[in-house]
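Below, each chain spelled out in residue letters.
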Amino acid sequence: MVFKLHFNKWFFAIFLMLVLTIIIVNGMWLFSIPEPVPADLWILYALNLVLYLLLVLRMPLTHYTLTENVLIVINWPFKTIIPYEKIYKIERFEVKWYYFGEFKRDQAGHGVKVHYYAGFWPSTKIFPDGSDLFLSELQSKAAQAEFIIRGK
C-alpha cells in the first residue's frame, strides 16, 4: 500500500513561486551583464537550478510503501528500507509550525516517528497522507512494536 507525503499545498505553491522568481531574477541579472559572462557564474547558476529543482521535487515525489515484509520510505532523493521485525517503537506526533527548532510548515499535521534497529539513522519521521490508515496498516504488519499514540 502506497501513501503519499502529507504537505501543505498552499505552502508548496508559494514556495514554487518564490523559487521561480529567484531563478528568473538571477537569469535576468546574468543576461544583463554587458561583457561576456564568466564561466563560473554560469556554473553557479546551473548548480542553483539543480538545487532548486531538487527542493521543489522533494515534496511531491516523497512517498511511503508498506509491502509484505518491509516499510519503504522514499524521501526523495533518498530511499530507506525498514524490515518490520527491526521496528521496535512507533509514535505519533503533531507538527504545528515548529518542531524542535526545525521549520516544518510544509509538513504541518500528524506525523509518525518510526524507531528501528538498523540503518545510519535509528529513527525516521514520516508524514503520510491518511496517517490513521497508515498506522493501522503498520500496526498489523509490525505487531511486535510498541505503539505510542498521543491524541488524534
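Residues numbered from 1 in each chain as written. Predicted model: local features only at pLDDT ≥ 70, side-chain atom pairs only at ≥ 80, totals over all residues. Heavy atoms only, no water.

1. With respect to the overall build of the protein chain
Then, in step 1: Along its length, the protein chain carries three helices and 10 strands.
Then, in step 2: In the protein chain, the succession of α and β elements from N to C terminus is β-α-α-β-β-β-β-β-β-β-β-α-β.
Then, in step 3: Here the protein chain, with 152 residues, has 34% of them falling under the buried criterion.
Then, in step 4: Counting every atom, the protein chain has about 9,700 Å² of accessible surface; 66% of that belongs to carbon and sulfur. (Helix = DSSP H or I, 4+ residues; strand = E, 2+ residues; numbered from the N terminus. Buried < 20%, exposed > 50% of the residue type's maximum accessible area, 1.4 Å probe, protein only. Areas by Shrake-Rupley, 256 points an atom, 1.4 Å probe, with all protein chains shown as cover.)

2. Focus on helix α3 (residues 131-141)
Then, in step 1: Buried residues of α3: Ser131, Phe134, Leu135 and Leu138, and no others. End-on view of α3: buried residues confined to an arc of 95°, all on one side of the axis. (Arc of directions from axis to C-beta.)

3. As for the packing of aromatic side chains
Then, in step 1: One pass over the full model with this rule turns up four aromatic pairs.
Then, in step 2: What links up through ring pairs into an aromatic cluster is the set Phe3, Tyr64 and Phe134. (Phe/Tyr/Trp six-rings, centres within 6.5 Å; stacked < 30°, edge-to-face > 60°.)

4. Structural notes on the environment of Lys79
Then, in step 1: Mapped onto the secondary structure, Lys79 falls in strand β4 (residues 78-83).
Then, in step 2: Lys79 sits in the exposed class, given a relative accessible area of 55%.
Then, in step 3: The sequence separation of Lys79 and Tyr64 amounts to 15 residues, and the corresponding C-alpha distance is 9.7 Å.
Then, in step 4: The residues touching Lys79, leaving out its near neighbours within four places in the chain, are Ile72, Val73 and Ile74. (Contact = heavy atoms within 4.5 Å.)

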